[in-house]
Structures are given as structure tokens and as C-alpha cells.
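# Structural characterization, general
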Amino acid sequence: FCVMAAPGKVAAFRLPPLPTIGEIIKLFRLKALKQLSQNFLLDLRLTDKIVKQAGELKNAHVCEVGPGPGGITRSILSAGVEQLLLIEKDARFIPGLQMLSEAAPGKVRIVHGDILTCKMEKAFPKHLKKNWEDEPPDIHIIGNLPFSVSTPLIIKWLENVSKRDGPFIYGRTQMTLTFQKEVGERLTANPGSNQRSRLSIMAQHLCTVENCFVIPGQAFVPKPEVDVAVVHFTPLVQPKIQQPFELVEKVVQSVFQFRRKYCFRGIETLFPENGRLKRTEQLMMTADVDPTLRPFQLSMSQFRNLCNVYRKMCDEDPSLFVFNYREELRQKKIRRSLLESTGQPEHTEEENQL
């Protein structure tokens, strides 16, 4: 990473007159790159509205992800923050951000790097750390995320929440982020909703998730084909499913593998073919889950029961957790191809047992 900071510090802060975001874009000949799914938000009333959803930012420490030409950056600085860390992957935006850094002496640090690989354990001063049970620290993450990055990034951060590392080593750091409207709906969907998905469970079992408002696509340049949702996350003191992140993710992914079928069809994929039906029945009966429910109908408590019972089964048989259904299918396909090439018939499971 290359880190740049403006020296000196001021007691009271107001941004001096600066070129508009549109002028910055023209000045540095910036163009949104389709392959990076970039969309600029030029309306400062909307950037102010996004920043307002983060809560009280006066004297707070903020990390903005993907500031681009700096629209949201201006709104964050105008909110009176103590320090602002900007993480930007695209080098074309650095000169425009440096202009903002010079206009806000001592307040801005710019990191040229990829947020997906950025280590955030040392991003903020140590004195800001709070116990997990305390109120959230005076640290916020804000970002108008490119669509291609938003889902893998929130999954990564949810894993950080579960392990209390990364930006959550400081406590229950709050996040205010943009997503495609459909992804925003999935993140906040309730049981029974058609939008209920793996993302709903993974986010809601770890955080309070609030779909704040929707920004119409025409507010962005270039205009995306979809509207954009602003979503606010506050990590919970106690997760609703108290199991390791990897175990919860495996169970939830399996359940939603066949989202239009009965939930037992997805749960079957947690177990090897030999004894699959018996173990699936054992898991569902012990967890008290109706096998004829669809995946999107399951409540958080039912997912919790499934995870807890599956954990016990894995403790009894450690090979269970490393079992991979897709790998089993791949090996089966290879065996079938070999048998076909040698002209040998494939035996059924029953014949093998005999």
C-alpha cells in the first residue's frame, strides 16, 4: 500500500470551496469502468443522506471504501469526522482525493489498495477499542460499493464479525453500504419472503440489518440497470447461531442449494451417499424441522437448531464436516466415465453392499 496524509491539524473544520464532483471528473478525465462496475454519485444531497444513515459522525473515525471521485468523501468530511481513511483500488482517483486531503489538513489518509485483501486490524488508533458487549466504537465503515465487490466483501466482513477480527477487532463497528436493490432486499428478507436467501441468514444471525432507503439508478453516472439500496449493519452482542462461521455457512448453503424444493433435499447434501437418508432424517427430527418446508420458509431458530444438531453429528464423526457433496458428484462422474470406457456396468449402492 502507498499511504499519504496531509500534515497539521485544525480545531474547527469546514471544507473550503472546491471544484464540483463533475469538474473533478472532467479535470482528471475520469471515466467509470464497466469491467469494475463503477457508478459515480454526483448529487451531494444524496451523498449527505447516505452519510446521515451512519449516525453521529462528529469526531468519529471513518473508513470509506472505494471513494472514487469523492462525492461521499465530501459529505463525510462535512459531518465533522476526526479522521477519514480512504481505501481506493483505482489509481486514477488518487489525485482528486489528494485535493480533498489538502483541503482537510490532518484529517485524511489515502490507501491505494484492494479492500478485499486490505488488513484492517491496524486501520484505527488502539484507544478506540471497546469490549464487544459495550456500545459500538466511534468507528464507521461507509462505501458506495461496486456491484462486483459488494457480495463477496459483505460475506468477508460477516466472517470478520463472527471471529471479531479485521475491522471488528475494535468492537461492534457499524457499516453503511450500498448494494443492488435486490441484494439489499435479500439481506433484510424475513422468513416466507421470496427474497429470503443464504445472505439473509448469514447477515441477520450476526447483525441488525436495516434497509435504509433506495436510490434510483438515474442518480448515478453512468446509470446502472438497477436501483441501489443503502443498508446499515450493527453487529449483535450475541449471534443468533452460536456456531463457527464455516459451519453455519455450510449448513445454510446446503439448505438453499435447492431453494424451490423441500428443505430436506438440500440438507441431504450435508451427508455422504452411504447412509444419507438415515442421517438426514436424524438431523431433521432432532432439530424439529418440518422436511416439507421450503428453504425460504425456515425461521432463524430452525436454522439454529439445524446448525447445533449438525455440530453434534460432526463432533461424533469428524469426517462429516470435511465431506463435500460436489466433490462426491465429481468423483462419481469420473468413475462412471471410466466404467463406460472399459465397457463395465456400474453397480448400484445396494449391489455394492451385498
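Residues numbered from 1 in each chain as written. Predicted model: local features only at pLDDT ≥ 70, side-chain atom pairs only at ≥ 80, totals over all residues. Heavy atoms only, no water.

### Observations regarding the overall build of the protein
- A tally of helices and strands in the protein yields 14 helices and 10 strands.
- Sorting the 354 residues of the protein into buried and exposed places 49% on the buried side.
- In the protein, the share of contacts with a sequence separation of at least 24, taken over all contacts with a separation of at least 6, comes to 71%.
- Entry remark: accessible area of the protein is about 18,000 Å², with carbon and sulfur atoms responsible for 51%. (Helix = DSSP H or I, 4+ residues; strand = E, 2+ residues; numbered from the N terminus. Buried < 20%, exposed > 50% of the residue type's maximum accessible area, 1.4 Å probe, protein only. Contact = heavy atoms within 4.5 Å. Areas by Shrake-Rupley, 256 points an atom, 1.4 Å probe, with all protein chains shown as cover.)

### Quick look at the nonpolar core
- Counting 67 residues, the largest nonpolar core has Trp157 and Phe233 as its most contacted members.
- If you tally residues by element for this core, the top one is helix H11 (residues 300-316), at 8 residues. (Core = buried A, V, L, I, M, F, W, Y, C linked by side-chain atoms within 4.5 Å.)

### A short note on helix H13 (residues 325-342)
- If you check H13, its first and last C-alpha atoms are 26 Å apart, about what 18 residues at 1.5 Å a residue would give, namely 26 Å.
- Of the residues that open H13, the one with a side-chain oxygen 2.9 Å from the backbone nitrogen of arginine 326 is asparagine 324. (Expected span 1.5 Å × (residues − 1). Polar contact = N/O pair within 3.5 Å; in protein donor to acceptor, adjacent residues only side chain to side chain.)

### Description of the UniProt feature "binding site: S-adenosyl-L-methionine" (unreviewed entry) in the protein
- UniProt annotation of "binding site: S-adenosyl-L-methionine" (unreviewed entry) refers to Asn39, Leu41, Gly66, Glu88, Asp114 and Asn144 when read in the numbering used here.
- Here glutamate 88 shows up in strand S4 (residues 83-88).
- For glutamate 88, a relative accessible area of 6% puts it in the buried group.
- Within the secondary structure, aspartate 114 sits in the loop between strand S5 (108-112) and strand S6 (139-143).
- Accessibility expressed as a relative area gives 23% for aspartate 114, which makes it partly exposed.
- From its side chain, aspartate 114 meets the backbone nitrogen of leucine 116 in a polar contact 3.0 Å long. (UniProt positions renumbered as here; feature names shortened; annotations may be inferred.)

### Structural notes on the environment of asparagine 39
- With respect to the helices and strands, the residue asparagine 39 is situated in the loop between helix H1 (21-27) and strand S2 (40-41).
- Looking at asparagine 39, the relative accessible area reads 17%, which means it is buried.
- In this structure, the C-alpha to C-alpha distance between asparagine 39 and glycine 217, residues 178 residues apart in sequence, is 9.5 Å.
- For asparagine 39, the residues in contact, after removing those within four places along its chain, are Asn144, Phe147, Phe220, Val221, Pro222, Lys223 and Pro224.

### Some details on the packing of helix H5 (residues 147-163) against helix H8 (residues 245-255)
- Packing of H5 against H8 leaves a shortest axis separation of 10 Å and a crossing angle of 135°. Taken together, the axes of H5 and H8 lie oblique to each other. Residue-level inspection shows Ile155, Leu158, Glu159, Ser162 and Lys163 of H5 in contact with H8, the latter providing Phe245, Glu246 and Glu249.
- Within the contact of H5 with H8, the residues separate by chemical class into 3 nonpolar, 1 polar and 4 charged. (Axes fitted to C-alpha atoms, helices over the stretch in contact; angles between N-to-C directions. Parallel < 35°, antiparallel > 145°, perpendicular 65-115°, else oblique. Nonpolar A, V, L, I, M, F, W, Y, C, P; charged D, E, K, R; others polar.)

### A look at the environment of phenylalanine 220
- Here phenylalanine 220 shows up in strand S9 (residues 220-221).
- A relative accessible area of 3% places phenylalanine 220 in the buried class.
- Separated by 180 residues in the primary sequence, phenylalanine 220 and phenylalanine 40 have C-alpha atoms spaced 5.4 Å apart.
- Each residue touching phenylalanine 220, except ones within four places of it in the same chain, is listed here: Asn39, Phe40, Leu41, Asn144, Ile215 and Val228.

### Quick notes on helix H6 (residues 181-188)
- Along H6, the residues that are buried comprise Val183, Gly184 and Leu187. Here the buried residues of H6 occupy an arc of 105° about the axis, which is enough to place them on one side.
- In the core, the buried residues of H6 are packed alongside H5, strand S7 (174-180), helix H7 (198-204), strand S8 (207-215) and strand S10 (228-235). (Arc of directions from axis to C-beta.)

### A few points about the packing of helix H2 (residues 44-53) against helix H3 (residues 71-78)
- At a closest axis distance of 8 Å, the pairing of H2 and H3 adopts a crossing angle of 60°. If you check the angle between H2 and H3, you find them oblique. In terms of crossing hand, the pair formed by H2 and H3 is right-handed. Residues Leu44, Thr47, Asp48, Ile50 and Val51 of H2 form the contact with H3, whose participating residues are Gly71, Ile72, Ser75 and Ile76.
- Partitioning the contact of H2 with H3 into residue classes produces 5 nonpolar, 3 polar and 1 charged. (Left-handed = near helix turned anticlockwise from the far one by under 90°.)

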